[in-house]
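Below are the chains, spelled out letter by letter.
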Amino acid sequence: MPLRQAHREIEKLKDALAYAEAIIDAIHEPLVVLYPDLTIRNANQKFYKTFKVAPEKAEEKLIYELDNGQWNIPELKIFLEKTLRTKTSYNDYEITIPFKKIGKKIMLFNARKIIMGGEKKPMILMVIEDVTDKKRYEQQAEKEKNILAENQRLQDISRQKDDFISMASHELKTPVTSIKAFAQLLEQDFADLGNTNAAKMLSRMNLQIVKLTSLIGDLLDISRIAGGKLQYHLSYFDFNEMLQDTVREMQLTTKIHTINLSLIEAPPVFGDKDRISQVLTNLLSNAIKYSPRADTIDVSTCIDEEFIRVCVRDCGIGIVKEKQDKIFQRFFRVNGAKEDTYPGLGLGLYISSEIIKRHGGCISVKSNKSRGSTFCFKIPVEGS
């Protein structure tokens, strides 16, 4: 071959090599070329930048010795050995490497055998993709998917529970109402016959039936609240008259306590009279139940900006501070040796809270252990 032609071929080879190296440097992923003995021939700028290593400390070095031996890991050896045994390429081999400079990374290794620079044996072109963020996103997405699935499962269970409570409450309501009517008739009959002992026993039984009816009503309300079906009949009503009537009725349920009223002149109130009366009944019932050694309960009202506030104060067992923010939760009951002796489902305050919220108001409590409690609720009024 003439010398001039040889020079031209050499120039072509140089141009081809420069072209290939330019392509390698343009690749956005870290890329490294390994000799058959797994020493580093060269790498692109992305490789050096990503792994924070200088070319002079990498080239002509065994890859396992790179960066003080950080690449000397069993998974990489397995990958490279498999690559050497394959005919062409070996792809998508995932390796986690705890780098000191850049932290723990999840890398995807792809390798292909190539012939470069007149070498007789094929070298290895290895491309490395950092999939750390992608894996974390996938793990987070899977975790969120599992959380959503678990939330849906819990919602389904809760809905089934509410459906059962609603169905059971409806089924119980009719026979209990009948029993109550029969008990009242029998009580009247025995009273007319002069059998006072039997009449008293039936009177006590009737009181227990009233309590059972109230519990069933609470269960029905809780299922209706959960389903957004609790009905309200809104109208203007005499607020003080409602308070007085409710207090009068509750006074009949206790011979120990005197319920004192201290009322201001109330502005017009728009809401569900019976539901708000239900809230006051619940607060008074709790005050009576949880203050067995006290003899007075105070009910007062005042104007609080655009609201009328109603407070029920007792001198009962009180509530410890750390449990006060939980008493308006569904089914929550205060625990403790003394509190456990008091009956109830822990629904009344939750239902009361939902009723007051529906009226655009709020309910709160202030209490000290063994010093009693003050429950207050407020609802909007006109003309205040």
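Since the model is a prediction, treat every value here as computed from it, not as a measurement. (Residues numbered from 1 in each chain as written. Predicted model: local features only at pLDDT ≥ 70, side-chain atom pairs only at ≥ 80, totals over all residues. Heavy atoms only, no water.)

## What about helix α6 (residues 196–226)?
Think of an α-helix as turning once every 3.6 residues; residues three or four places apart then point the same way.
Piece 1. Between its first and last C-alpha atoms α6 spans 45 Å; for 31 residues at 1.5 Å apiece the expected length is 45 Å, and the two agree.
Piece 2. Backbone geometry just after α6 places G228 at a positive phi near 65 degrees. (Helix = DSSP H or I, 4+ residues; strand = E, 2+ residues; numbered from the N terminus. Expected span 1.5 Å × (residues − 1).)

## A word on the packing of aromatic side chains
Piece 1. According to the stated counting rule, one finds 13 aromatic pairs in the structure shown.
Piece 2. When the centroid spacing of 6.2 Å and the interplanar angle of 80 degrees are considered together, the rings of F328 and F375 count as edge-to-face. You can see F328 sitting in the loop between β10 (307–313) and α9 (348–358) and its partner F375 sitting in strand β12 (residues 372–380), a full 47 residues away along the chain.
Piece 3. You can call F375 buried: its relative accessible area is 8%.
Piece 4. The residue whose ring lies beneath K77 is Y64, and the NZ or CZ to ring-centre distance is 5.3 Å. (Phe/Tyr/Trp six-rings, centres within 6.5 Å; stacked < 30°, edge-to-face > 60°. Buried < 20%, exposed > 50% of the residue type's maximum accessible area, 1.4 Å probe, protein only. Lys NZ or Arg CZ within 6 Å of the ring centre and 35° of its normal.)

## Some thoughts on the nonpolar core
Piece 1. Among the nonpolar cores identified, the biggest contains 40 residues, and F239, L283, L284, V312, F375 and F377 are the most heavily contacted of them.
Piece 2. Residue contributions to this core peak at seven residues, all from helix α8 (residues 273–289).
Piece 3. Residues contacting V312, with those up to four places away along its chain left out, are L280, L283, L284, A287, I297, D298, V299, S373, T374 and F375.
Piece 4. In this structure, W71, I73, L76 and F79 belong to the second largest nonpolar core, which totals 28 residues. (Core = buried A, V, L, I, M, F, W, Y, C linked by side-chain atoms within 4.5 Å. Contact = heavy atoms within 4.5 Å.)

## Focus on α8
Piece 1. In a regular helix each residue adds 1.5 Å, so 17 residues correspond to 24 Å; α8 covers 24 Å between its end C-alpha atoms and thus fits that length.
Piece 2. Within α8 the residues assigned to the buried category are R275, I276, S277, V279, L280, N282, L283, L284, N286, A287 and I288.

## Some words on the confidence of the model for the protein
Piece 1. Per-residue pLDDT for the protein averages 84, and the proportion of residues at 70 or more is 85%.
Piece 2. Confidence scores differ between elements of the protein, with helix α1 (residues 3–26) showing the lowest mean pLDDT of 58 and β10 the highest of 96. (pLDDT = per-residue confidence, 0-100.)

## Some points on the side chain of S367
Piece 1. Tracing the backbone shows S367 in strand β11 (residues 362–368).
Piece 2. Residue classification places S367 among the buried residues on the basis of a relative accessible area of 10%.
Piece 3. Among the polar contacts made by the side chain of S367, one reaches the side chain of S373 at a distance of 2.7 Å.
Piece 4. Among all residues touching S367, those that are not within four sequence positions of it are G318, I319, Q324, G372 and S373. (Polar contact = N/O pair within 3.5 Å; in protein donor to acceptor, adjacent residues only side chain to side chain.)

## Re the pattern of salt bridges
Where charged atoms from two side chains of opposite charge come close, those side chains can pair.
Piece 1. Inspection of every chain in the model, using the stated rule, returns nine salt bridges.
Piece 2. Among the salt bridges present, the one from D130 reaches K105, with a minimum N-O distance of 3.8 Å. One end of the pair, D130, is in strand β5 (residues 123–130); the other, K105, is in strand β4 (residues 103–114), with 25 residues separating them in the sequence.
Piece 3. A salt bridge links D298 to R313, with the nearest nitrogen and oxygen atoms 2.4 Å apart. Note that D298 is positioned in strand β9 (residues 296–304) and R313 in strand β10, a separation of 15 residues in sequence.
Piece 4. Residue class for R313 comes out partly exposed when judged on its relative accessible area of 39%.
Piece 5. Residues joined by salt bridges that share partners form a network here, namely D304, R309 and K378. (Salt bridge = Lys/Arg side-chain N within 4 Å of Asp/Glu carboxyl O.)

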